[in-house]
Amino acid sequence: MKRNSAISILRVMAMSLIVFTHLCHLYNWVAIRALVFGVPLFLCISGYLYSKKTITNWKKFFIGRVEKIVLPVWIFAFFLMLYSSIVIGERPSVLDICLQALNLQGINNLFYFIPISPFWDCANLWFMTIIMICYLLLPIVQFVFKKSITIWMILGLFILSIVLEIIGIGFLYIFTFLIGYFVGKIEKQRPIKLQQRLRVK
């Protein structure tokens, strides 16, 4: 894919908003923080970009995700925990280490009823759990939505995400990833539909 300058600008915007969200949290600007949407925007962009790719070798894809995402997170978390243990004097528990090793540090952002508080120094890595789950869902999404995507599919998923939120399962972040995927697929479908109409005429 050729680099799209609009996508690059949106990525920078999403990352800037994420940094701003953390500043809002640091200074307790709760009202402003509620308006910041950096993570959903980032997930939406990721979904959009993956809609443009046809992945055939899933084994290679997932090995690549581990190398590019999970491995750097492990290294970063290791140094954070080391710093916290030596300098601050707060040591991670065995559970904290296991959650980081399994990339489940953000599991309570998906299942609200799980009473786990991740190691505070690594709490900001919760996003990695969400994005990896989105990647794990990609083969299913690519198979289920390989044909035309309709407004009813999007509406159905939106209703599902609301129902899941009510029962304590955080699906809205995954839904934003899927919205990006759908937008990309619909954009891809347009030229095909136009060609079909021209042939009929």
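Please read all numbers here as calculations on a predicted model, not as lab measurements.

Q: Break down helix H7 (residues 151-166) for me, citing the residues and quoting the values.
A: If you check H7, its first and last C-alpha atoms are 23 Å apart, about what 16 residues at 1.5 Å a residue would give, namely 22 Å. Burial in H7 covers these residues: Ile-154, Leu-157, Ser-161 and Leu-164. Relative to the axis of H7, the buried residues are bounded by an arc of 85 degrees and lie together on one face. Turned more than 90 degrees off the buried face of H7, the exposed positions are Ile-151, Trp-152 and Ile-166. At the exit of H7 stands Gly-168, carrying a positive phi of roughly 100 degrees.

Q: Run through the environment of Glu-90, naming residues and quoting values.
A: Its location among the elements puts Glu-90 in the loop between helix H4 (58-88) and helix H5 (94-101). For the pair Glu-90 and Trp-120, spaced 30 residues apart in sequence, the C-alpha to C-alpha distance is 9.6 Å. Discounting residues that sit within four places of it in the chain, Glu-90 has contacts with Ser-84, Ser-85, Phe-119 and Trp-120.

Q: I'd love a proper account of the side chain of Lys-185, names of residues and values included.
A: Residue placement: Lys-185 occurs in helix H8 (residues 172-200). Lys-185 has contacts with Ser-51 and Ile-149, leaving out every residue within four places of it along the chain.

Q: Give me the packing of helix H1 (residues 5-26) against helix H3 (residues 38-51): which residues, what numbers.
A: A pair of packed helices can be characterised by two numbers: the angle between their axes and the separation between those axes. It is the contact of H1 with H3, at a shortest axis distance of 7 Å, that shows an interaxial angle of 150 degrees. Our classification of the angle between H1 and H3 gives roughly antiparallel. Crossing angle aside, the handedness with which H1 passes H3 is left-handed. Residue-level contacts link Ile-7, Leu-10, Arg-11, Met-13, Ala-14, Met-15, Leu-17 and Ile-18 of H1 to Gly-38, Val-39, Leu-41, Phe-42, Ile-45, Tyr-48 and Leu-49 of H3. A per-class count over the contact of H1 with H3 returns 13 nonpolar, one polar and one charged.

Q: Can you tell me about unusual backbone geometry, naming the residues and giving the values?
A: The phi torsion at Asn-103 lies on the positive side, around 60 degrees, for a residue other than glycine. Residue placement: Asn-103 occurs in the loop between H5 and helix H6 (126-144).

Q: Would you mind going over H6 in detail, with residue names and values included?
A: Since the α-helix packs 3.6 residues into each turn, any two residues three or four apart lie on the same face. With 19 residues, H6 should cover 27 Å at 1.5 Å per step; its first-to-last C-alpha distance of 27 Å lies within 8% of that length. Bending of H6 peaks at approximately 40 degrees at the position of Leu-138, with proline Pro-139 no more than four residues after it.

Q: Tell me about the packing of H4 against H6, and name the residues and values.
A: Running from N to C, H4 and H6 point in directions that differ by 175 degrees, and their axes come no closer than 11 Å. In this view, H4 runs roughly antiparallel relative to H6, as classed from their interaxial angle. For the pair H4 and H6, the contacting residues are Trp-58, Phe-61, Phe-62, Arg-65, Ile-69, Val-70 and Val-73 in the first and Met-128, Met-132, Tyr-135, Leu-136, Leu-138, Pro-139 and Gln-142 in the second. Split into classes, the residues belonging to the contact of H4 with H6 amount to twelve nonpolar, one polar and one charged.

Q: Before we move on, can you summarise the layout of surface pockets with the specific residues and values?
A: Computed from the structure, the second largest pocket encloses a volume of approximately 170 Å³. Taken together, Trp-74, Ala-77, Phe-78, Met-81, Leu-82, Ser-85, Pro-92, Ile-97, Gln-100 and Ala-101 form the lining of the second largest pocket. When residues of the lining of the second largest pocket are traced back to their parent elements, those giving at least two are H4 and H5. Looking at the lining of the second largest pocket element by element, the count peaks at six residues for H4. Class assignment for the residues of the lining of the second largest pocket results in eight nonpolar, two polar and no charged.

Q: Requested: an account of the nonpolar core, with residues and values cited.
A: Ranked by internal contacts, the top residues of the largest apolar core, which has 30 residues, are Leu-43, Tyr-135, Leu-138, Leu-178 and Phe-182. Broken down by element, the residue count for this core peaks at nine residues, all from H6. With residues near it in sequence (within four places) discarded, Leu-178 still touches Val-141, Leu-157 and Phe-171.

Q: Any details on the packing of aromatic side chains? Residues and values, ideally.
A: Per the stated rule, a full pass over the model turns up 14 aromatic pairs. When the ring of Trp-58 is compared with that of Phe-61, the centres are 5.4 Å apart and the planes differ by 85 degrees; the resulting orientation is edge-to-face. Of this pair, Trp-58 and Phe-61 both sit in helix H4, three residues apart, roughly one helical turn. A relative accessible area of 9% means that Phe-61 is categorised as buried. Connected via pairs of aromatic rings, a cluster forms that spans Tyr-50, Trp-58, Phe-61, Phe-62, Tyr-135 and Phe-177. When the ring centre of Tyr-50 is taken as reference, the NZ or CZ atom of Lys-53 above it lies at 4.6 Å. The positively charged end of Arg-65 is found above the aromatic ring belonging to Tyr-135, 5.8 Å away from the centroid.

Each value, and the rule that gives it
Residues numbered from 1 in each chain as written. Predicted model: local features only at pLDDT ≥ 70, side-chain atom pairs only at ≥ 80, totals over all residues. Heavy atoms only, no water. Helix = DSSP H or I, 4+ residues; strand = E, 2+ residues; numbered from the N terminus. Expected span 1.5 Å × (residues − 1). Buried < 20%, exposed > 50% of the residue type's maximum accessible area, 1.4 Å probe, protein only. Arc of directions from axis to C-beta. Contact = heavy atoms within 4.5 Å. Axes fitted to C-alpha atoms, helices over the stretch in contact; angles between N-to-C directions. Parallel < 35°, antiparallel > 145°, perpendicular 65-115°, else oblique. Left-handed = near helix turned anticlockwise from the far one by under 90°. Nonpolar A, V, L, I, M, F, W, Y, C, P; charged D, E, K, R; others polar. Bend = angle between axes of the 7 residues up to and from the residue. 1 Å grid on protein atoms, 1.4 Å probe; cavity = no way out; pocket = protein on both sides within 12 Å on 5 of 7 lines; lining within 4 Å. Points joined across faces, edges and corners; volume = space filled by probe spheres on them. Core = buried A, V, L, I, M, F, W, Y, C linked by side-chain atoms within 4.5 Å. Phe/Tyr/Trp six-rings, centres within 6.5 Å; stacked < 30°, edge-to-face > 60°. Lys NZ or Arg CZ within 6 Å of the ring centre and 35° of its normal.

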